[in-house]
Amino acid sequence: MFDPARLIAALPELANGATNTVMLTFCSALLSWVVGSVIVVGLLSPVALWRRAGRVYVSFMRGTPALVQLFLVFFALPMIGVHVPPFIAASITLGLNSGAYVAEILRGALLAIPAGQIEAAEALGMRKAALWRRILLPQGIRIALPSLTNELTLLLKTTPLASVVAVTELTFAGQIVIARTFEPAEVLLAVALGYIVVSQALVLGARALERHLAVT
Amino acid sequence: MTIPALRTEAIAKSFNGNEVLSGIDLSIMPGEVVCIVGPSGSGKSTFLRCINHLSPATSGHVYLNGELFGERETAGGNVMPLQHAALQEQRQRIGMVFQSFNLWPHRTALENVMEGPRIVKKMPTAEARDLAESLLERVGLAERKSYYPGHLSGGQQQRVAIARALAMQPELILFDEPTSALDPELVGEVLSVMKELASGETTMIVVTHEIGFAVEVADRLVLMDKGRIVEDAPPRQFIEAPREERSRQFLKQVLSRSLGFSGEPSGAILPLSILQN
Amino acid sequence: MSFDWALISETLPLLAQGTLVTLQLSAITALAALAGGAVLASFCASRARPLRLMAQIFIGAMRGIPPLVLVLIAFYVLPALGLLLDPMTAGVVALASYFSAYVAVALGSAIAAIPAGQTEAALVIGMTPRLRLVRVILPQALPIVLPVLCGLLIGLIKETALLSVISVGELTFATKQAVSRTYAPFEVYMTAAMFYWAISAALEAAARALEHRTTRFRRNIASSPKGRLS
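Residues numbered from 1 in each chain as written. Chains lettered and ligands numbered in written order. Predicted model: local features only at pLDDT ≥ 70, side-chain atom pairs only at ≥ 80, totals over all residues. Heavy atoms only, no water.

Tallying secondary structure elements over chain C gives nine helices and zero strands in all. In chain C, the succession of helices and strands from N to C terminus is α-α-α-α-α-α-α-α-α. For 230 residues, the compact-globule estimate of 2.2 N^0.38 gives 17 Å, and chain C exceeds it by more than 25% at 22 Å. Dimensions of chain C along its principal axes, counting C-alpha atoms only, are 70 × 55 × 25 Å. For chain C, with 230 residues in total, the buried portion stands at 46%. Sequence separation of 24 or more characterises 74% of the internal contacts of chain C that already satisfy a separation of 6 or more. (Helix = DSSP H or I, 4+ residues; strand = E, 2+ residues; numbered from the N terminus. Rg over C-alpha atoms; globule rule 2.2 N^0.38 Å. Buried < 20%, exposed > 50% of the residue type's maximum accessible area, 1.4 Å probe, protein only. Contact = heavy atoms within 4.5 Å.)

Bringing the side chain of C:Glu170 into the picture now. Residue and element names in this part refer to chain C. The residue glutamate 170 is located in the loop between α6 (129-159) and α7 (171-182) in this model. Despite its burial, glutamate 170 pairs with no opposite charge; the closest candidate is lysine 176, at 7.4 Å N-O. Reaching out from glutamate 170, the side chain makes a polar contact with the backbone nitrogen of threonine 172 at a distance of 3.0 Å. Not counting the four nearest positions on each side in its chain, glutamate 170 is found in contact with Gly18, Val21, Thr22, Leu25, Thr160, Ala161, Leu163, Ser164 and Tyr196. (Lys, Arg positive; Asp, Glu negative; His and termini not counted. Salt bridge = Lys/Arg side-chain N within 4 Å of Asp/Glu carboxyl O. Polar contact = N/O pair within 3.5 Å; in protein donor to acceptor, adjacent residues only side chain to side chain.)

A cluster of nonpolar side chains, A:Met79, A:Ile80, A:Val82, A:Val84 and A:Ile88, forms an exposed patch at the surface whose accessible area comes to about 390 Å². Looking at where A:Val84 falls in the secondary structure, it is placed in the loop between α3 (66-79) and α4 (86-112). (Patch = residues over 30% accessible without salt bridge, like charges linked within 9 Å, V, L, I, M, F, W, Y side chains within 5 Å. Areas by Shrake-Rupley, 256 points an atom, 1.4 Å probe, with all protein chains shown as cover.)

The next thing to look at is the pattern of salt bridges. Enumeration over the complete set of coordinates arrives at 19 salt bridges over all chains. As a salt-bridge pair, B:Glu189 and B:Arg159 come within 2.5 Å of each other at their nearest N and O atoms. Of the two residues, B:Glu189 sits in helix α6 (residues 184-198) while B:Arg159 sits in helix α5 (residues 154-167), which places them 30 residues apart along the sequence. Under the relative-accessibility criterion, B:Glu189 is labelled partly exposed at 24%. A relative accessible area of 11% places B:Arg159 in the buried class. One salt bridge connects B:Glu244 with B:Arg243, and the closest N-O pair in it is separated by 3.6 Å. Its relative accessible area of 31% is what places B:Glu244 among the partly exposed residues. On the accessibility criterion, B:Arg243 (55% relative accessible area) is exposed. Because the salt bridges share partners, they merge into one network encompassing A:Arg62, A:Glu104 and A:Arg107.

Right, here's the structure in full:
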């Protein structure tokens, strides 16, 4: 029968897992923004080769399962002599994966900026760097923010994959508790609830940021 | 005595406690053309939408050729709203032309006109096609029949919409500001189609800002203001000797606007001859 | 690194078998998600408040919980409730529930994107609700929703890889088996990735072609084969 005491006893373990999930999400997100920014430069490049390379990257990342990508990274790193803990391997995979989606979001946002904005800046004699810094990036970020938030919650929901390479994030912590207590229903429910709480917190934080950045 | 094609009885309508219509009584005889004019927010469009129950009245009744519309009398003498299926059956008898045309973008002009007869009335396809082609001919768009609405001008779209309403062979057609969404240079082609209809047998209620058109084609001109009918008279009488001060005021406003004292010239040039008589 | 092609060709039959299972699983799950999504969307549009509320809570939960956790719940918890499902069925139930929420949202927003005037024009000529749906709403909603559904289908095929965790013999599970036979994990996983990639690319191309067809009315006049005399 359901014994709340045993679930409560497992809570610190689950909380620890949740902390690791948040950390994993955070590290992957940071990497995904860097990767996305680099790839979007390729996607919008005047050089056909860069555009093609960007498109192939995005297509591969979006066309194959993140789980398979995780195994690829996990097994490829030692082949090139890199030995890192599973947490890092998982962060790299999720960052590379999510970076493809971030690149697409940024591309859409940058293309959504009206041409008149660029023309107005050029008419003022703005240089290219200033154009990016003062016109394109601030406006692009505002347009992209809701989609980036959405991508962040999707990234959060991809982090349980790290459990298959034994990263003790929330899902793996749950599985450990289940193996000990044989109470899958209660534990998995608690795990699911944990994800809902974290994703709601992410969404609320992003909404606050959106309001903060809103022009009107 | 003939039965009115349409009679409304004390139509009232409120939105969240705000009364938009307060007891509209109006009768239209078969073949008659009634133009409803009035300032924006006077409830003209809401009244039209109450007639065919697109937005049902809070109280009051509508009679189409003497028959209760959108409602039924129960055995106990109470009046109840009709079931949706029965309402849809009745709605086939009242046509409507919208301000924003509302043509179906995924169907060609011809298919838009055929849709009602073919799908709702279950007319054989060949017959529906003949009917639709003759109606498109009548509104001057025979050669545009295979165009999708997205490739027609606003004026052309509205003419297709008029043909679509006619295709149901309704007992009455409601026009809800049919030219208000059009560029000024396209207003004329729509008005001339409506003029042609008005000269025939078609019973029409037209909510419009085109006073010139209203004066020329209407059998009766109705001024609405603040949810009431202020004046209801033949156009000549309305213009020359309005009973109400409010009507005089309205005419003055419209006249100054249409003579171009404010803003751009509109299609609503009053026939000055009428005023000078 | 050097690819051992002989090793890869040895594993191909196993991977092909897994691909077949992946495709079958995806097809069943997609159909179930489509049906479930349509039901959810109709609940969301229902006049009955409890139905609306139920559907919204379900959609919120499905969008908040990671698919892997849903798979584990279906695998561990449903049997505890007396629903003895084999791993494959449990996996289909989990993924179909997950994707039905996204299908419902896609359908709902596509229908909401159609202007109210479209329905009004159908109302005033006396169309019944069924006719309004079939003749006016769906033909306009489908071109909007089809690309989204194709995207979801590609996502679904990728998520079936999660079922390897509960030992369903789909492509990723087959890959694991092949790895344990060949000890060449990178090569074999890369081959599996190519299989997935090919499926996704093919679907994406099909989606583009389909979108081109369903939006013909936005581009040109009809090429009516008969009755056009001019």
